[in-house]
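Coordinate analysis (summary)
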Amino acid sequence: MHEAYEEICAAAAIGEADPQDLITLHEHLQHCIRCRQSYSEFTNLVSYSYVENPRAHLISPEHEAVLPNTDGLQDRFLRRAMEKGIFSEKLTRTRPLRSHDNVWSLWRQPSFNAVKFGCAAAVLALILLPSAYEIGRRAAIGHAPATGAYSAHLPRAADNSSQNSRHQNVALQIRIASLEDEIKAKDRELKTQTQRLKVSSENAASLLAARELLESSQKDLKRQLQEADQISEQQAREKAQYLQEVGELQTALNAAQASYVADEIKIRDLTEEVSSTHAAAERNAELLKRDRDIRDLMTARNLHIFDVFDTDAKGKTKPAFGRIFYTEGKSLIFYAYDLNEAKPASAGYQYRVWGSREAEKNKATSLGLFYSDDKAQRRWVFKCNDAKILAQIDSVFVTLEPNRSDSPLPKGQKLLDAYLGGTANHP
Amino acid sequence: MRALQAGNGEALKVIFDRYHRLVLVTALRILRDVGEAEDLMQSVFFEIFQKAEQFDPSKGTLTKWILQYAYHRSINRKNYLSLRKFYDRVDLFDVHGEETWITKVSLPHQEAVRLVDEALATLSCEQRAVLELVFFKDMTLKEIAEQTQQDFRNLRHHYYRGLKKLRSLLSKNARGGDGLALEEQIARANA
């Protein structure tokens, strides 16, 4: 659709659009920006092409022949310019004389217009006077003038005046039309600016409302900030107080810990003292008991004391020997000396004490184990205070048995075999 | 021109003396009537006096500036007279003041000459022939149709196609006075 209007625009750009097409185009351009742009660009393009054509700057002889007289052109232009107020009468009339001026150059100056009109009026009067007389004469005798014959004698000056008046009327009409269009354009501009002002006012009102809202929000936020600051100060004071209390408590704790440590040390010292005292008391008790045992042993009426030796096949005495303190029906204390300790320590053996009756050599009763009594003396000891068991035996001997052996009879070789019968050493 | 831009009427007289015949011939070429051409000539100089401050010597000579005004106003007057013959409405095209739909775009004339020459070379034979006769021989489309014995509508179509191609090339390359492309400047002015 725009194609058709563009074609009209192109034709209108060189003044060759049909009138109907011009009407249609004008109505279309009221609301079509694209075609308005096309029209503008076509017109600019055509005018550029014309202006850049060298022929446009030349006046051909054909045109030269039809151009009006230059003086007439100037006169009419200046007159019209005076009406518009562009020139003053003085400006149009005065020009300094130049050395080469002659009658004809002066005649052509606008300042001679009054002279020219005066001469024209005089010529007109000379020509019309006889005609006017004739007209008056004929009117007096009732004959109307022949307009056709007289009109042929109308001077050219009258034609020029009427033509000038026609030009002026046309020019005035055109000027009025131009001013009316200017007024319309200004009205359109006024409407546009009024609309813009209205929009700006609305924007300003909304901005003011937004500003008030922001100011109100700002006040609320300031108040909240103040409250928050107060709370913060209160919390800072409480924190300082807490810290002070914590410090005091820490100081007290440190003191308590120091006191605790001191007490602990004192308690440990006292505990050690108590332990040593207790140990001493136990030793004393032990010693006391041993004293008692020794006293009981030494003063027992039916005490038997034996030294027991082993001899080899050649009758030589072996190193190990034993000493038995037997109180009949009461206790048996068997000390052994220089027992061979190598095998028991490395092979997992131990010295066991057996009891038996001489009459029943195949039977034996395990009485217990030897324990190291004094390593420096290489002394071993066994004690039995079971009167019942002692009543069943009349001899004792030692064997080397494996650890954890539950055998009811001895398996190892007899050592330090001793008969408990006989007469007591201390009756 | 500076004196004229200052409102000196004497300067207008000097410019009128120098250019009135050129303006008159331009109007005569288009309007084909001496009376109309003289009236238009006067209007052109009065308008030049009112808008003298718009002349920018960096964008072209005074001669070309005046001739552009003369050509624009002549085309306007021709369209106006065409309408007046057939309708009572004569207010469609402003015959004296600014043309409603034309946006003044300054195009350096050397640039315009180069671009127009380049664009003409790209046209078809028929299109180039019509445009050259219109632009350089002052012939109307009807006169060209009669002389070349071609159908007027076909001829007008060739003219339109050729002009459209020229316009397309110039639109891509032209820059307004403020550095905008031709299309952008026109769009802004019409916004």
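Preceding block: the structure.
Reading the values: rules and limits
- Residues numbered from 1 in each chain as written.
- Chains lettered and ligands numbered in written order.
- Predicted model: local features only at pLDDT ≥ 70, side-chain atom pairs only at ≥ 80, totals over all residues.
- Heavy atoms only, no water.
- Helix = DSSP H or I, 4+ residues; strand = E, 2+ residues; numbered from the N terminus.
- Buried < 20%, exposed > 50% of the residue type's maximum accessible area, 1.4 Å probe, protein only.
- Contact = heavy atoms within 4.5 Å.
- Areas by Shrake-Rupley, 256 points an atom, 1.4 Å probe, with all protein chains shown as cover.
- Salt bridge = Lys/Arg side-chain N within 4 Å of Asp/Glu carboxyl O.
- Pairing = 2+ DSSP bridges.
- Axes fitted to C-alpha atoms, helices over the stretch in contact; angles between N-to-C directions.
- Buried area = accessible area lost by both parts, 1.4 Å probe.
- Patch = residues over 30% accessible without salt bridge, like charges linked within 9 Å, V, L, I, M, F, W, Y side chains within 5 Å.

Let's talk about the overall build of chain B
Along its length, chain B carries nine helices and zero strands. Each helix and strand of chain B, placed in order from N terminus to C terminus, yields the pattern α-α-α-α-α-α-α-α-α. Counting the 191 residues in chain B, one finds 55% classified as buried. Here the contacts in chain B between residues at least 6 apart in sequence split such that 61% fall between residues at least 24 apart. As presented, chain B carries roughly 8800 Å² of accessible surface, and 49% of it is formed by carbon and sulfur atoms.

Overview of the pattern of salt bridges
With the rule as written, the count across this model stands at 23 salt bridges over all chains. E3(A) is paired through a salt bridge with R161(B); the nearest N and O atoms lie 2.7 Å apart. Taken as a pair, E3(A) in helix α1 (residues 2-13) and R161(B) in helix α8 (residues 152-173) lie in two separate chains rather than in one. Residue classification places E3(A) among the partly exposed residues on the basis of a relative accessible area of 30%. Using a relative accessible area of 31% as the deciding quantity, one classes R161(B) as partly exposed. Residues R211(A) and E215(A) are paired through a salt bridge, measuring 3.2 Å at the closest nitrogen-oxygen approach. Highlighted residues: R211(A) and E215(A), both in helix α10 (residues 156-298), separated by four residues, approximately one helical turn. Under the relative-accessibility criterion, R211(A) is labelled exposed at 52%. Residue classification places E215(A) among the partly exposed residues on the basis of a relative accessible area of 37%. If you follow the salt bridges from partner to partner, you end up with E3(A), E6(A), E41(A), R161(B), K164(B) and R167(B) in one network.

Focus on the environment of L339(A)
All names here are of chain A. With respect to the element layout, L339 can be found in the loop between β3 (331-337) and α11 (342-347). Given the relative accessible area of 2%, L339 is considered buried. Along the backbone, L339 and A320 are 19 residues apart, and their C-alpha atoms lie at a distance of 5.3 Å. Among residues more than four places away in sequence, those in contact with L339 are A320, Y351, R378, W380 and L416.

Here we look at the sheet that holds strand β2 (residues 317-327) of chain A
What holds strands together in a sheet is hydrogen bonding between their backbones, with the strands either parallel or antiparallel. Residues and elements named next belong to chain A. Across the sheet, five strands lie side by side as β1-β2-β3-β7-β6; this open sheet has antiparallel pairing. If you trace the sheet from one side to the other, it starts and ends with β1 (303-311) and β6 (371-374), each paired once. Each strand of the sheet is rotated relative to its neighbour by a mean of 25°, with strand direction disregarded. Across six bridges, the pairing between β3 and strand β7 (residues 379-384) is antiparallel.

Examining the interface of chain A and chain B
With 70 residues of chain A in contact, the opposing surface of chain B contributes 82 residues. Counting each side, the surface lost to burial between chain A and chain B is near 7600 Å², with a carbon and sulfur contribution of 61%. Considering only the side of chain A, the residues that lose the most area to chain B are Y48(A), Y50(A) and F77(A), jointly responsible for 10% of the buried surface there. Here chain A is connected to chain B by nine salt bridges.

Considering a nonpolar patch on the surface
All names here are of chain A. The grouping of Y260, V261 and I265 at the surface amounts to a nonpolar patch, some 290 Å² of accessible area in total. In this structure, Y260 sits in helix α10. When its relative accessible area of 52% is taken as the criterion, Y260 is described as exposed.

Notes on the environment of D138(B)
Residue and element names in this part refer to chain B. Along the chain, D138 turns up in the loop between α6 (125-136) and α7 (141-148). Given the relative accessible area of 19%, D138 is considered buried. Separated by 109 residues in the primary sequence, D138 and R29 have C-alpha atoms spaced 6.8 Å apart.

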